[in-house]
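What follows is each chain in one-letter form.
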Amino acid sequence: MALVGLVRVSTSKQETTRQHDALGPICERVFEEKVSGKLAIDARPGLTAAIDYMRGGDMLTVQEVDRLGRNLLEGLIVLTELFSRGIAVKVLDGIAAGEHTERSLILDLALALAEDRRRDIVRKTRNGLDAARRRGRTGGRPRVVDADKRRVIIARHLDGESIRTIAGATKLSIGTVHTVIAAHKTSPSLTPPA
């Protein structure tokens, strides 16, 4: 019986170190994926590779049960696939911690709680953003190009300067200058006159 690890985070910006630290020392091999747990098994390269690597009697190891899926349905689909192949599941942390060879109430409950926790995070984030908007605050980075810079960019472009030259003179990225010029070409009335 081989212990095979699965590390999953939803986006490429999230860290996997904590999961690797937990799984690396005990697993023969650890597979990683940076995709949503709400995707079908076929669209999850790390999970697919782990399943292809394992044989009956092996054990897929995850730090928490929600690494299998972000909601109850997706988690159950993964568990059903694993158990039908004779692959057990080992969960290191949470209420479902332990080794599982078949579906159980505790696994189902842990997946349902993970889904509820995720839904709660999304709701609280949305509420916080809505509250900030009502106070006149919006998220994101501040705008780099104000009306004055926009006028300078368009005027220099109309004088025949290259995007690279304009970017150097205005201390903006080439992409930003290109975006301003492209917006002017599609809607010249949006750009204030010089």
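Here is a short report on the structure shown in this document. Given the structure is predicted, the values throughout are model-derived calculations rather than measurements.

Remarks on the overall build of the protein chain
- A count of helical and extended segments in the protein chain gives seven helices and five strands.
- Going from the N terminus to the C terminus, the protein chain shows its helices and strands as β-α-β-α-β-α-β-β-α-α-α-α.
- Computed over the C-alpha atoms, the radius of gyration of the protein chain is 25 Å, more than 25% above the 16 Å expected from 2.2 N^0.38 for a compact globule of 194 residues.
- Viewed in the frame of its principal axes, the protein chain has a C-alpha envelope of about 75 × 40 × 30 Å.
- Counting over 194 residues, the protein chain shows a buried share of 35%.
- Residue pairs at least 24 apart in sequence account for 61% of intrachain contacts in the protein chain once pairs closer than 6 positions are excluded.
- Of the charged side chains in the protein chain, 32 are positive and 24 negative, and the gap between their average positions amounts to 10 Å.

What to know about the side chain of Asn 71
- Within the secondary structure, Asn 71 sits in the loop between strand 3 (59-62) and helix 3 (72-84).
- Since its relative accessible area comes to 17%, Asn 71 is described here as buried.
- Within polar-contact distance, the side chain of Asn 71 engages the backbone nitrogen of Leu 73 at 3.2 Å.
- Within polar-contact distance, the side chain of Asn 71 engages the backbone nitrogen of Glu 74 at 2.8 Å.

Digging into the pairing of strand 3
- Taking every second residue as pointing to the same face, both faces of strand 3 are buried, with Met 59 and Thr 61 on one and Leu 60 and Val 62 on the other.
- Where strand 1 (residues 3-9) and strand 3 come together, three bridges link them in parallel fashion. Considered in strand 3, the bridge of Val 4 is made with Leu 60.
- Where strand 3 lies against strand 4 (residues 88-91), four bridges are found, and the strand directions are parallel. When the bridges of strand 4 are listed, Val 62 appears paired with Val 91.
- Each parallel crossover has a hand, and the one from strand 3 via helix 3 to strand 4 is right-handed.

Thoughts on a nonpolar patch on the surface
- Side chains of Ile 95, Ile 106, Leu 109 and Leu 113 sit close together on the surface and give an oily, nonpolar patch of about 320 Å² of accessible area.
- Tracing the backbone shows Ile 106 in helix 4 (residues 105-134).

Description of the packing of helix 5 (residues 147-158) against helix 6 (residues 163-170)
- Closest axis-to-axis distance for the helix 5/helix 6 pair is 10 Å, and the angle between their directions is 145°. When you trace helix 5 past helix 6, the crossing you get is right-handed. Listed contacts from helix 6 to Lys 149, Val 152, Ile 153, Arg 156 and His 157 of helix 5 are Ile 166, Ala 169 and Thr 170.
- Considering only residue class, the contact of helix 5 with helix 6 consists of four nonpolar, two polar and two charged.

Topic: the pattern of salt bridges
- With the rule as written, the count across this model stands at 14 salt bridges.
- Close ionic contact of Arg 119 with Asp 116 constitutes a salt bridge, the shortest N to O distance being 3.7 Å. Taken together, the residues span about one helical turn, with Arg 119 and Asp 116 both in helix 4 at a distance of three residues.
- Put simply, Asp 120 and Arg 123 hold a salt bridge, and the shortest N to O gap is 2.3 Å. Placement of both Asp 120 and Arg 123 in helix 4 is noted, with a separation of three residues, approximately one turn of the helix.
- Among the residues examined, Arg 123 registers a relative accessible area of 40% and is labelled partly exposed.

Observations concerning the packing of aromatic side chains
- Counted under the stated rule, the structure contains one aromatic pair.
- A cation over a ring is seen here: Arg 29 above Tyr 53, with NZ or CZ 5.1 Å from the ring centre.

Conventions we followed
- Residues numbered from 1 in each chain as written.
- Predicted model: local features only at pLDDT ≥ 70, side-chain atom pairs only at ≥ 80, totals over all residues.
- Heavy atoms only, no water.
- Helix = DSSP H or I, 4+ residues; strand = E, 2+ residues; numbered from the N terminus.
- Rg over C-alpha atoms; globule rule 2.2 N^0.38 Å.
- Buried < 20%, exposed > 50% of the residue type's maximum accessible area, 1.4 Å probe, protein only.
- Contact = heavy atoms within 4.5 Å.
- Lys, Arg positive; Asp, Glu negative; His and termini not counted.
- Charge placed at Lys NZ, Arg CZ, Asp CG, Glu CD.
- Polar contact = N/O pair within 3.5 Å; in protein donor to acceptor, adjacent residues only side chain to side chain.
- Pairing = 2+ DSSP bridges.
- Right-handed = clockwise from strand over helix to strand, strands pointing away.
- Patch = residues over 30% accessible without salt bridge, like charges linked within 9 Å, V, L, I, M, F, W, Y side chains within 5 Å.
- Areas by Shrake-Rupley, 256 points an atom, 1.4 Å probe, with all protein chains shown as cover.
- Salt bridge = Lys/Arg side-chain N within 4 Å of Asp/Glu carboxyl O.
- Axes fitted to C-alpha atoms, helices over the stretch in contact; angles between N-to-C directions.
- Left-handed = near helix turned anticlockwise from the far one by under 90°.
- Nonpolar A, V, L, I, M, F, W, Y, C, P; charged D, E, K, R; others polar.
- Phe/Tyr/Trp six-rings, centres within 6.5 Å; stacked < 30°, edge-to-face > 60°.
- Lys NZ or Arg CZ within 6 Å of the ring centre and 35° of its normal.

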